[in-house]
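Chain by chain, the residues run as shown.
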Amino acid sequence: MAGIFRAQAFSKLTFIRPYETRIEPNPVSGDPLVGLMAEVWDPLWMLGRQWQVGEFAGEDTGTPIRVDVHAEFDPLVAWHPGPFGPGRDWLPLAPGELLEPLVEAEREAGGDGEGAAGAVGAAASARLSAAAGAALQETLLELGEKAVVAALIERCPPPVPVPDPAGRPPSGWAAVQGVLAGRAFDPSEVARQFAAGHPAWFTAALRGGAPRRRRAEAAVDDWLAWFDAEVGREVAPSSWLGDRLEYEFAVATTSAVLHAPQHGAGEIGWSTFDSDPSRMPPAAEGVEPEQIDRALLASQLSFPGMPVSRFWEFEDADMDLGAAFADPHELARLAVVEAAIVAGDDWLVVPVDSPPGGVLRVTSVQWRDTFGARWHADEKAPAVPAGRFTPTWRMFSTSEHAWEGAVDAVRRDLAGLFVPPAIAARLEGAAIEDVRFVRDETANLVWAIEQTVPADSGDPRIVAARPAPPPAPIDPGAQPADQVLGYELMTYVPTNWFPYVARISDRGVTLERADVDRGAEGVEPAGRLLDEEEQRRILAAEVPRQGVRVQRIPQAARRPDGSWVLWTGRRVRPAAGEAESGLEFDRTRRPAPPPE
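None of the values given here were measured: they were computed from a predicted structure. (Residues numbered from 1 in each chain as written. Predicted model: local features only at pLDDT ≥ 70, side-chain atom pairs only at ≥ 80, totals over all residues. Heavy atoms only, no water.)

**A look at a negative patch on the surface**
Consideration 1: On the surface, Glu313, Glu315, Asp316, Asp318 and Asp320 cluster together into a patch of negative charge.
Consideration 2: As for its position among the elements, aspartate 318 is in the loop between β9 (299–300) and α10 (331–342).
Consideration 3: Accessibility expressed as a relative area gives 72% for aspartate 318, which makes it exposed. (Patch = residues over 30% accessible without salt bridge, like charges linked within 9 Å, V, L, I, M, F, W, Y side chains within 5 Å. Areas by Shrake-Rupley, 256 points an atom, 1.4 Å probe, with all protein chains shown as cover. Salt bridge = Lys/Arg side-chain N within 4 Å of Asp/Glu carboxyl O. Lys, Arg positive; Asp, Glu negative; His and termini not counted. Charge placed at Lys NZ, Arg CZ, Asp CG, Glu CD. Helix = DSSP H or I, 4+ residues; strand = E, 2+ residues; numbered from the N terminus. Buried < 20%, exposed > 50% of the residue type's maximum accessible area, 1.4 Å probe, protein only.)

Here it is, written out as structure tokens:
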């Protein structure tokens, strides 16, 4: 594990101090292939020298036969939604809880997120609410509690659909709600009335017999616990930053704070976080780091295209790392290829399983080799000396957040491998809302185009723009029609297009949502994204020339204990390029010719 530990032999024990002599190619043309070919004038002489020094017989080096690893696991104890500031506090992070549902979960639009005592939390759709009520109804009917079901329908009726002002028949989910009236109940109202215990009308409706009553009460209690935990659970403040189109949050162990300032949704990995030593983690009573001791066997590291240990041994031609061309300025590519080819067989793997949700820090490694020597490797300090921009290379560490690299500063990286409690696999449904932010160079505007919005049932509904109204007639009066010009202030814009106008602020150029005069009726966003106050302003840099696409996607995943968690998260993807709205100002046109 080069660069991670300082290797030193135990005192008063036999040891062999390792040394090595390496011949490495030094390409000057930018192409490492020439050096890797290792062309020589007399290959036979090279083979003779290898035989003479005994390279074909074996290697004078010791192989670890037993490795003792001592590590410390610092678990996560809290997480912080959104940016740090007033009104936002640390929230507890229970063991086994997943980060993605906590970070991406949405509050119900217009709700207070107070859990089962209020409206259905987590932006639950009407369909999910009806399914939750149907689950309780079927359970009670299987137990023979028909009177209890009738009492629930009477005491907790579902919401009544609002009649159409024009008298048109209900459509979509409103029609389904009309069918459910008198046949189902509102699960949110059931949870609210049962919050303080079983009401008297419920107890009176139960059948006689103590065993039957206990089974029915236990079934209702189990349903209430499930409903409060999964459907009506309390949702934390939003971590979504509308002006940046990304998430921001932080997590804390018992001794460190890790900050994720720019999470673009999706998978949460260790690279999402930066160490923030300027902040103190919240107090965690009764939680201590876990000590891990393992006795293991080391194995040779292997990867596709790995060179063999012998210089003249034929290698697998399926992957040719030497064919990777690198220009002189492509140092990263050259460094990766050189590390794989030159030092690929110098690594040993010692597997140490880490629990999820914490920082695993290896404190010491001890091993005995085939020569009987015992070796010890202690942990190196992760701090950067003053005057250096980067620390000594380490395999596992988290860099400090927003470190400016001052001459007299010391960079304090977090040593150890951070394993976030992330989701291994998830199920994603169709996007229930899809909004494109595109640039219109002709109109000098950015447009937010609603393409899909959630219907009353929670299913996605394609947004269709209203047809363009007929142009206002122009009355030429007594003048000839070909000598009269009519004036139009602006042309028609589709009703699902909403403009964003550039403004100069202390944060630079921002885009602020404006309104388009569409007559007396007016048009408001049909979905949730553009209706949020946080989404009225966007940094101009977040909308490139190809545009950006923001989607709300329902998702499901399993926790480590096997239980399901449902939430609606947001995804930011590239759009298909610029768009033309056809918006024009100050137009003139001739009156329509009179009918013949």
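Next, the rest of the story.
**Considering the pairing of strand β5 (residues 246–253)**
Consideration 1: For β5, the tally of buried residues reaches 8 of 8 residues, placing the bulk of the element in the interior.
Consideration 2: Neither face of β5 is left uncovered, since the one carrying Glu246, Glu248, Ala250 and Ala252 and the one carrying Tyr247, Phe249, Val251 and Thr253 both have all their residues buried.
Consideration 3: With 2 bridges connecting them, strand β4 (residues 240–241) and β5 associate as antiparallel partners. Note that in β5 the partner of tryptophan 240 across the bridge is tyrosine 247.
Consideration 4: Bridge count for β5 against strand β6 (residues 257–263) is 5 bridges, and the pairing is antiparallel. Residue pairing in the sheet places phenylalanine 249 in a bridge with alanine 260 of β6. (Pairing = 2+ DSSP bridges.)

**A look at the packing of aromatic side chains**
Consideration 1: Scanning the model with the defined rule gives 10 aromatic pairs in all.
Consideration 2: With a centroid separation of 5.1 Å and an interplanar angle of 20°, the aromatic rings of tryptophan 223 and phenylalanine 227 are classed as stacked. Placement of the pair is tryptophan 223 and phenylalanine 227 together in helix α9 (residues 210–231), with a separation of 4 residues, close to one helical turn. For the pair shown, tryptophan 223 and phenylalanine 227 are each scored as buried.
Consideration 3: Arranged with centres 5.5 Å apart and planes meeting at 90°, the rings of phenylalanine 249 and phenylalanine 273 form a pair that is edge-to-face. (Phe/Tyr/Trp six-rings, centres within 6.5 Å; stacked < 30°, edge-to-face > 60°.)

**Focus: unusual backbone geometry**
Backbone geometry follows two general trends: most residues other than glycine have a negative phi, and most peptide bonds adopt the trans configuration.
Consideration 1: Of note, leucine 245 is a non-glycine position whose phi angle comes to about 55°, a positive value.
Consideration 2: Its location among the elements puts leucine 245 in the loop between β4 and β5.
Consideration 3: When its relative accessible area of 4% is taken as the criterion, leucine 245 is described as buried.
Consideration 4: Here the phi dihedral of asparagine 444 falls at roughly 60°; this positive angle occurs in a residue that is not glycine.
Consideration 5: In this structure, asparagine 444 sits in the loop between β17 (433–440) and β18 (445–454).

**Some thoughts on the pattern of salt bridges**
Consideration 1: Applying the stated rule across the entire model yields 22 salt bridges.
Consideration 2: Put simply, arginine 66 and aspartate 68 hold a salt bridge, and the shortest N to O gap is 3.1 Å.
Consideration 3: The class of arginine 66 is partly exposed, set by a relative accessible area of 45%.
Consideration 4: One connected set of salt bridges, linked through shared partners, spans Glu106, Glu433, Arg528, Glu532, Arg552 and Arg570.

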